[in-house]
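Each chain, written out:
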Amino acid sequence: MNHFLDIHKTDKDQLRAIIDEAKAIKSARNGRPKAMPDDETPLDGRMVALIFEKPSTRTRVSFDVGVRQMGGQTMVLSGSDMQLGHGETIADTARVLSRFVDMIMIRTFDESVLEEMSDYATVPVINGLTDRTHPCQIMADILTFEEHRGPIAGKKVVWCGDGNNVCASFLHAAGQFGFDLTFTGPVQLDPEMEFVGLARNQGSTITIERDPFKAVEGADLVVADTWVSMHDAQSARERRHNMLRPYQVNEALMEAAGKDALFMHCLPAHRGEEVTSEVMDGPQSVIWDEAENRLHAQKAIMRWCIGG
Ligand code: CP
Ligand code: NVA
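What you see is a predicted model; the values in this text were computed from it and never measured. (Residues numbered from 1 in each chain as written. Chains lettered and ligands numbered in written order. Predicted model: local features only at pLDDT ≥ 70, side-chain atom pairs only at ≥ 80, totals over all residues. Heavy atoms only, no water.)

### Considerations on the layout of surface pockets
Heads up, the condition is: Only protein atoms enter the calculation, which uses a 1 Å grid: trapped sets of points that fit a 1.4 Å probe without letting it out are cavities, open sets showing protein on both sides within 12 Å along at least five of seven lines are pockets, and any residue with an atom within 4 Å of a point is a lining residue. Grid points are joined across faces, edges and corners, and a volume is the space filled by probe spheres set on the points. Helix and strand assignments come from DSSP, with helices taken as H or I runs of at least 4 residues and strands as E runs of at least 2, each series counted from the N terminus.
Here the largest pocket is characterised by a volume of approximately 410 Å³. Contributions of two or more residues to the lining of the largest pocket are made by helix 2 (58-69), helix 6 (165-177) and helix 9 (237-244).

See the structure below:
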């Protein structure tokens, strides 16, 4: 069995195999409800716990649907309704859940929760987002980029805005999949330098460029995310908006990127803030494919987790 905790913690050949499997799973679907190659049901008889300590639409629905399409069943649990939210340790929760379920997906705050869960669980654990990373999202993003533009290796991705959890997983992916990444945003919201260093050590060119119009020159993909993440204090909202406003992805910025650049956003988006409706609904945007691809990427991840 394998845990899927982060992109930089997963072997790069296995990451590539997961993406290729996701492509095969998606094409096998061909509009049918059963959606694995040869109608396999690798989660037959298996129960998957989906634990949410933060809100979710895409992660919740895509995992739930994916497990069912693979023949398994799900149990969606809210952290605050569990004893976990009332003082029971994560280690004890992991030990107990492992006696009942065959896989655990958790969305939480501090990544130490995910780490403790995976240290003590005897079933695979999947990271459904922490304050620090969001690996399932970026696996779906790689799948989306490659179905529109072919191999992502050697391409230029531009991250606009906050160097947050989603940006961190993009940096991990840059190193593992061999693409370059330019971050453009205010200095106060730079991505973690540890992750920048990791990608550079793997041979990726990681650039920090404060001018968004310079940053997007020659981009193959422009990416935005919310200016205030779920783990950010609401009291910092106005300050963050003021800092981030120059980094809004709008038609002028996409024009500077060039007509071949794609636009992605993990969603939920705040129209008129980090991105305009013109860009979200425009010809360069692949956000709905990106959202759908959570399903296909995560089915491949789950199969890898159970040793498939
Ligand atoms: N992109 C993403 O993870 O969306 P949700 O918060 O709706 O799960
Ligand atoms: N950066 C966002 C991503 C949401 C999917 C957050 O953590 O709230």
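The discussion continues.
### Remarks on the packing of helix 6 against helix 7 (residues 193-201)
This is how it is decided: Helix axes are fitted to C-alpha atoms over the stretch in contact, other axes to C-alpha atoms as well, and angles between N-to-C directions run from 0 to 180 degrees. Angles are sorted into four bins: roughly parallel if under 35 degrees, roughly antiparallel if over 145, roughly perpendicular if 65 to 115, and oblique for all others. Note on convention: near helix rotated counterclockwise from far helix by under a right angle means a left-handed crossing. Clockwise means right-handed. By definition in these notes, contact holds between two residues if any of their heavy atoms fall within 4.5 Å. Any residue outside Ala, Val, Leu, Ile, Met, Phe, Trp, Tyr, Cys, Pro, Asp, Glu, Lys and Arg is labelled polar, Gly included; the first ten of those are nonpolar and the last four are charged.
In the contact formed by helix 6 and helix 7, the axes pass within 7 Å of each other and the chain directions differ by 15°. Between helix 6 and helix 7, the crossing angle belongs to the class labelled roughly parallel. In this structure, helix 6 crosses over helix 7, and the sense of that crossing is left-handed. Listed contacts from helix 7 to Ala168, Leu171, His172 and Gly175 of helix 6 are Phe195, Val196, Leu198 and Ala199. Grouping the amino acids of the contact of helix 6 with helix 7 by side-chain chemistry returns 6 nonpolar, 2 polar and no charged.

### Thoughts on the site of ligand 2
Cut-off, in case you're wondering: We define proximity as follows: a residue is near a molecule or strand when any one of its heavy atoms falls within 4 Å of that partner. Think of a polar contact as two N or O atoms within 3.5 Å of one another; within protein, one of them needs to be a possible hydrogen donor and the other a possible acceptor, and neighboring residues in sequence only count if both atoms come from side chains. Each accessible area value is a Shrake-Rupley result obtained with a 1.4 Å probe; residue values ignore everything except the protein chains displayed when judging cover. For a molecule to be placed in a cavity or pocket, more than half of its atoms must lie within 2 Å of the grid points of that cavity or pocket.
Around ligand 2, the surrounding shell consists of Leu129, Asn164, Asn165, Val166, Asp225, Thr226, Ser229, Met230, Cys266 and Leu267. Measuring from a nitrogen atom of ligand 2, one finds a side-chain N or O atom of Asn164 at 3.3 Å. A distance of 2.8 Å is found between an oxygen atom of ligand 2 and a backbone nitrogen or oxygen belonging to Met230. Here ligand 2 has 270 Å² of accessible area as a free molecule, and 94% of this is covered by the chains. Most atoms of ligand 2, that is more than half of them, are within 2 Å of grid points of the largest pocket.

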